[in-house]
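A structural walkthrough
Chain residues, written in single-letter form:
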Amino acid sequence: MQDHEMTDEQILIDRESKYGPPKECFKTWGHICKLMDEYAAESPFENKAQLSALKMVALKLVRSVWNPNIEDNYKDGRNYFTIAEICSEVKND
């Protein structure tokens, strides 16, 4: 069934079967993002746009830890790294 054919509840159940329990996933990702924020704040090269893209890489990493068989996580992760690289070329803060 495609997303547009499902209720919100069905979509949540579908995503949990792929990505794991949302509470634990986002708690883990939140910890990683907090550490990234703290580390970036110490850098003379801090770039919020680039950091945001890297956080999305981290989300795909967390999801891949739960289920390494979701190919889109790897594709999306690579694309977010490309976006981070583009953002690093021009500081948009």
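To start, this report covers the structure provided alongside it. (Residues numbered from 1 in each chain as written. Predicted model: local features only at pLDDT ≥ 70, side-chain atom pairs only at ≥ 80, totals over all residues. Heavy atoms only, no water.)

1. A few points about the side chain of N73
Counting through the fold element by element, N73 comes out in helix 4 (residues 71-89). Beyond its immediate chain neighbours, meaning those up to four positions away, N73 contacts Y19, K60, R63, S64 and N67. (Helix = DSSP H or I, 4+ residues; strand = E, 2+ residues; numbered from the N terminus. Contact = heavy atoms within 4.5 Å.)

2. Let's talk about the pattern of salt bridges
Tallied over the entire structure, the rule returns eight salt bridges. In this structure, E38 and K34 form a salt bridge, with 3.0 Å as the shortest nitrogen-oxygen distance. Residue E38 and its partner K34 are located together in helix 2 (residues 22-41), separated by four residues, close to a single helical turn. According to the relative accessible area criterion, E38 is partly exposed, its value standing at 41%. With a shortest N-O distance of 3.0 Å, K60 and D76 are connected by a salt bridge. Taken together, the residues K60 in helix 3 (residues 48-66) and D76 in helix 4 connect sequence positions 16 residues apart. One network of salt bridges, in which partners are shared, links D3, D14, R15 and K18. (Salt bridge = Lys/Arg side-chain N within 4 Å of Asp/Glu carboxyl O. Buried < 20%, exposed > 50% of the residue type's maximum accessible area, 1.4 Å probe, protein only.)

These values are about where atoms sit, not about what they do.
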